[in-house]
Amino acid sequence: MDLRYGKRYTAVSAGSCEDRYDAVVVGAGPAGIMAALGCARACQRVLLVEAARLPREKSCGGMLNRYSLRALEPFGGVPEDMVLDPRWVHFRYYHMDARVKKATRVRFLNVDRARFDAWLLSLLPANVHVCEATSVADVRQTPREVRVDLRSGCAKRRTVQAAYCIAADGPRATVRERLGLRPFDRYLTVQEYVRIEAGALEPYFDCVYARRLSRDYGIGYLMPKGDIAIVGSIFYPGTRDADRKHQEALDLLRREYPLGPSVKRETWMAAHLRTPADLVAGQGRVLLAGEGGGFLSCTSGEGISFALNSGCMAGRAVARALSDKDREACAALERYECALRPMKRNLAFRMGMFPLINSYMGKNVACLIPTPLVSKVTERL
Ligand SMILES: Cc1cc2nc3c(=O)[nH]c(=O)nc-3n(C[C@H](O)[C@H](O)[C@H](O)COP(=O)(O)OP(=O)(O)OC[C@H]3O[C@@H](n4cnc5c(N)ncnc54)[C@H](O)[C@@H]3O)c2cc1C
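Residue indices follow the written sequence of each chain, beginning from 1 at its first position. Predicted model: local features are reported for residues with pLDDT of at least 70 only, side-chain atom pairs are reported and counted for 80 or more only, and whole-chain, interface and lining totals are derived from all residues.

S.K.: Even after reading the chapter, I still don't get the overall build of the protein, so can you show me in this structure?
M.R.: Per the secondary structure count, the protein includes nine helices and 17 strands. A radius of gyration in this sense is built from C-alpha atoms; the matching globule rule multiplies 2.2 Å by the number of residues raised to 0.38. Computed over the C-alpha atoms, the radius of gyration of the protein is 21 Å, within 12% of the 21 Å expected from 2.2 N^0.38 for a compact globule of 381 residues. Once the C-alpha set of the protein is aligned to its principal axes, its extents read approximately 60 × 40 × 40 Å. Any residue surrounded by 20 or more other C-beta atoms within 10 Å of its C-beta is treated as buried, while 12 or fewer makes it exposed and the intermediate range makes it partly exposed; C-beta atoms here are placed from the backbone. A burial count over the protein gives 45% of its 381 residues as buried. The way it works is that DSSP assigns letters per residue, a run of H or I at least four long becomes a helix, a run of E at least two long becomes a strand, and they are numbered from the N terminus.

Following this line, the structure appears as structure tokens:
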């Protein structure tokens, strides 16, 4: 598949980038790209460092909720060529043991995630220097600046200076770790791409629960994506033998759904967030955005809207601090903290609900209550 959209940003390598930037952004996911876009409005030069080769491939369901779509409106909305069939997919609970399905009114635009990421990248302007296949190994700060250590395959370690750094490095959260900020656990995720006859599955994003699956098994899901279905398994931190446990879930689902041969299997990770203290905006001149800051729904696993919105807020906060020539080390962080308040409240509410929703009792209660009510609660989660 051709993932190239028009490119306006400036490609650099670890060896050829400048010594000093107004801002360095770590990670070219939705949070990092929005952060870089925000900074680029006020900064002369922004460096965006990405560990993977671009365009990248990130394991994901590619389900965009209405908040993601709203965040993308200023960019003309999502291009049609990444939308898959069926276009809209509704969220549905499936309690397999009780054989109860609850279809909700919550719907998602069904997109190809790799194309989506490639398109986001194409939005970056020329004053964003993008350095791919390069990892940020360390970040140190003084009251006046941040020093970011870069590491790439061919170049030696290189240090770049900046007024601010926005870490949008996803569940790996290297910068958060290097700064000694509160760490989080990680779920292990497995996604299987399985052939289906086009139109063979109903237009639902099924979230499947069955008690007979391993106790490490958090939740399973299944969604149609053109002539492929994604079958996903989410395992609690510390799970061993996830491949075999995923295979058991897949075998079980094959009895229920018309699934063809497997094409690909991939494993990834996702932040396992438990308390509001896991939501960390940053420290000094370093701001954390997206999943690396803890901005992801613990109840639904939905992270794209939180990444887009937190990235946007972080970028704007840095841009404002730089245009005001505010030299205080925490000028941008204070603005960012302030903008983040509603998002933090929203995520804290989900964290409060999570133990109930995740419990055996909660799953059984959901089977008993009327579907419109399940739908209403899901809208908030
Ligand atoms: C299996 C799975 C399915 C999902 N499905 C959905 C879905 O359907 N809808 C939804 O809304 N959300 C979904 N999510 C969540 C969503 O994908 C993430 O929350 C979202 O991509 C987070 O965006 P981000 O920009 O914060 O981080 P990421 O998209 O993870 O991007 C972080 C980037 O930082 C780079 N990086 C990491 N460390 C370094 C470093 N040291 N130096 C340089 N670069 C670095 C990484 O290579 C990566 O490209 C899913 C997650 C998983 C795991």
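Next comes the rest of the description.
S.K.: Sorry if this is basic, but what is going on with the nonpolar core here?
M.R.: Nonpolar side chains in soluble globular proteins tend to be buried together. One finds A23, V24, C165, I166, L287 and V318 to be the most contacted residues of the largest nonpolar core, which totals 116 residues. If one sorts the elements of this core by residue count, helix α6 (residues 304-323) sits on top with twelve residues. An automatic or database domain assignment provides the domain bounds reported here. Residue assignment places this core across two domains, with domain 1 (10-57 + 116-184 + 274-354) and domain 2 (68-112 + 186-272) each supplying three or more. Not counting residues up to four positions away in its chain, the partners in contact with A23 are C39, C43, V46, A162, A163, Y164, C165, I166 and V318. In these notes, a nonpolar core means any group of buried Ala, Val, Leu, Ile, Met, Phe, Trp, Tyr and Cys residues linked to one another through C-beta atoms within 7 Å. Placing C-beta atoms from the backbone, we regard two residues as in contact once those atoms come within 7 Å.

S.K.: Quick question: what am I supposed to make of the site of the ligand here?
M.R.: To decide nearness, the C-beta atom of each residue is placed from the backbone, and the residue is near a molecule or strand if that atom lies within 6 Å of it. Close to the ligand lie 39 residues, the nearest being G27, G29, G170, G290 and G303. Breaking the shell around the ligand down by element, the ones donating at least two residues are α1 (30-40), β8 (134-141), β11 (185-195), β15 (262-272) and α6. Basically, the charged four are Asp, Glu, Lys and Arg, the nonpolar ten are Ala, Val, Leu, Ile, Met, Phe, Trp, Tyr, Cys and Pro, and anything else, Gly included, counts as polar. For the shell around the ligand, the per-class residue count stands at 16 nonpolar, 16 polar and seven charged. Residue contributions to the shell around the ligand reach at least three from each of two domains, namely domain 1 (10-57 + 116-184 + 274-354) and domain 2 (68-112 + 186-272).

S.K.: Where do I start with α1 in this structure?
M.R.: Most of α1 is tucked away: eleven of the eleven residues are buried. Buried within α1 we find P30, A31, G32, I33, M34, A35, A36, L37, G38, C39 and A40. In this fold, the buried residues of α1 make contact with β2 (20-26), β3 (46-49), α3 (113-122), β7 (128-131), β10 (158-167) and α6.

S.K.: I keep staring at the domain arrangement of the protein and nothing clicks. Help me out?
M.R.: By a widely used convention, the size of an interface equals the accessible area lost when the partners come together. In terms of domain boundaries, the protein breaks down into domain 1 (10-57 + 116-184 + 274-354) and domain 2 (68-112 + 186-272). Using only C-alpha atoms to locate each centre, domain 1 and domain 2 end up separated by 28 Å. Ranked by residue count, the leading element in the side of domain 1 that touches domain 2 is α6, at five residues. When grouped by side-chain class, the residues that make up the side of domain 1 that touches domain 2 number nine nonpolar, four polar and two charged.

S.K.: Please clarify how the pairing of strand β14 (residues 228-235) should be interpreted in this entry.
M.R.: A regular strand places its side chains so that they alternate between the two faces of the sheet. The buried count for β14 comes to seven of eight residues, which makes it a mostly enclosed element. Where β11 lies against β14, eight bridges are found, and the strand directions are antiparallel. Following the sheet pairing, E192 is matched in β14 by V231. Across eight bridges, the pairing between strand β13 (residues 217-225) and β14 is antiparallel. If you follow L222 over to β14, its bridge partner there is V231. One bridge is not enough; two strands pair if DSSP finds at least two bridges between them.

S.K.: I keep staring at the pairing of strand β12 (residues 204-209) and nothing clicks. Help me out?
M.R.: Counting buried residues in β12 gives six out of six residues, a clear majority hidden from the surface. Pairing geometry for strand β5 (residues 83-95) and β12, over six bridges, is parallel. By the bridge assignment for β12, H95 is matched with Y209. As paired strands, β12 and β13 are joined by three bridges and run antiparallel to one another. Residue D206 lies in a different strand from β13, and its bridge partner there is L222.

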